[in-house]
Amino acid sequence: ELVGGTASGVAKIEAVLTNATSGLGALDFYTANSGYQPRVRIDSAGNVGIGDTSPDAKLDITGTTEQLRIAYETADTNYVSFTLDLGGDLNINATGNDISSPDQLALTTQGSTGGLLIGGDANLYRGGANVLTTDDTFNAVTSLQSGGTF
């Protein structure tokens, strides 16, 4: 156990034996907040858990508020944040006005051949069929093809 800081009980790093039979261990990082609170764990598989002492992926972030923020600068005024809510819905919040892709943007369900795709030509596609053609200012030129539905 390593304990550091000028005041006693500020933070610590601890080696933890997670499976005595196989000799597996983890490394836990704690900070003080009314006693030591575990903040980060690196398990024997190299998975990192932030707010999670049993990470299931290379990076596993668990929390009830903003889980990931990617910032452009150190002033932290231009960023995008990602939050997964209790219902499993993903919230993407960007401080700018755009979420863009260099080619196309696809919204599909796992294993689906349908979904919505906004092509690099700014047209809307569903299931591979063009359902909305737009001009350069994203005004509709033609709408749903015959038999198409939303």
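Everything here concerns the structure above.
Structure report, in brief. These figures come from a predicted structure and were not determined experimentally.

Criteria and thresholds
- Residues numbered from 1 in each chain as written.
- Predicted model: local features only at pLDDT ≥ 70, side-chain atom pairs only at ≥ 80, totals over all residues.
- Heavy atoms only, no water.
- Helix = DSSP H or I, 4+ residues; strand = E, 2+ residues; numbered from the N terminus.
- Buried < 20%, exposed > 50% of the residue type's maximum accessible area, 1.4 Å probe, protein only.
- Contact = heavy atoms within 4.5 Å.
- Areas by Shrake-Rupley, 256 points an atom, 1.4 Å probe, with all protein chains shown as cover.
- Salt bridge = Lys/Arg side-chain N within 4 Å of Asp/Glu carboxyl O.
- Phe/Tyr/Trp six-rings, centres within 6.5 Å; stacked < 30°, edge-to-face > 60°.
- Lys NZ or Arg CZ within 6 Å of the ring centre and 35° of its normal.
- Pairing = 2+ DSSP bridges.
- Axes fitted to C-alpha atoms, helices over the stretch in contact; angles between N-to-C directions.
- Patch = residues over 30% accessible without salt bridge, like charges linked within 9 Å, V, L, I, M, F, W, Y side chains within 5 Å.

Along the protein chain, the regular secondary structure elements total zero helices and 14 strands. Element order for the protein chain, N to C, with α for helix and β for strand: β-β-β-β-β-β-β-β-β-β-β-β-β-β. Counting every position in the protein chain, which comprises 150 residues, the buried fraction comes to 15%. Long-range pairs, those at least 24 residues apart, make up 4% of the contacts in the protein chain with a sequence separation of at least 6. With the model as given, the accessible surface of the protein chain reaches about 10,800 Å², and the carbon-plus-sulfur share is 53%.

Once that is clear, we can look at the pattern of salt bridges. Any two side chains of opposite charge can pair if their charged atoms end up close together. All told, the structure shown has three salt bridges when counted by the stated rule. We note a salt bridge from Lys12 to Glu14, for which the minimum N-O separation is 3.5 Å. Take Glu14: its relative accessible area is 19%, and that puts it in the buried class. A salt bridge links Glu66 to Arg69; its shortest N-O distance comes to 3.1 Å.

Let us look at the packing of aromatic side chains. Enumeration over the complete set of coordinates arrives at one aromatic pair. Judged by centre distance (6.3 Å) and plane angle (70 degrees), the rings of Tyr30 and Tyr36 are edge-to-face. Relative accessible area serves as the criterion here: at 14%, Tyr30 is assigned to the buried category. When the ring centre of Tyr30 is taken as reference, the NZ or CZ atom of Lys12 above it lies at 4.8 Å.

Attention now moves to the sheet that holds strand E8 (residues 79-84). Note: strands within a sheet are paired through backbone hydrogen bonds, in either parallel or antiparallel orientation. The three strands are arranged E7-E8-E9 in an open sheet whose pairing can be described as antiparallel. Two strands in the sheet have a free side with no partner beyond their single neighbour: strand E7 (68-71) and strand E9 (90-94). Averaged over all neighbouring strand pairs, the angle between strand axes comes to 10 degrees, with direction disregarded. Bridging between E7 and E8 involves four bridges; their strand directions are antiparallel. The residue of E8 that forms the bridge with Ala71 is Tyr79.

Attention shifts here to a nonpolar patch on the surface. A surface patch of nonpolar side chains, amounting to about 390 Å² of accessible area, comprises Leu84, Leu90, Ile92 and Ile99. Looking at the element boundaries, Ile92 is found in strand E9. In this structure Ile92 comes out as partly exposed when scored by relative accessible area, which is 39%.

Locating Asn47 in the fold gives a position in the loop between strand E4 (36-42) and strand E5 (48-50). The contact partners of Asn47, leaving out residues within four places of it in the chain, are Arg41, Ile42, Pro55, Asp56, Ala57 and Lys58.

Before going further, it helps to spend a moment on the pairing of strand E3 (residues 24-32). Across eight bridges, strand E2 (residues 11-19) lies against E3 in antiparallel orientation. Counterpart to Val16 in the pairing with E3 is Ala26. Hairpin connection between E2 and E3: a loop of four residues separates the two successive antiparallel strands, and Gly23 in this loop has a positive phi of roughly 75 degrees. Pairing between E3 and E4: six bridges, direction antiparallel. Note that in E4 the partner of Tyr30 across the bridge is Pro38. The antiparallel pairing of E3 with E4 creates a hairpin that spans three residues between the two strands, and Ser34 there sits at a positive phi of about 55 degrees.

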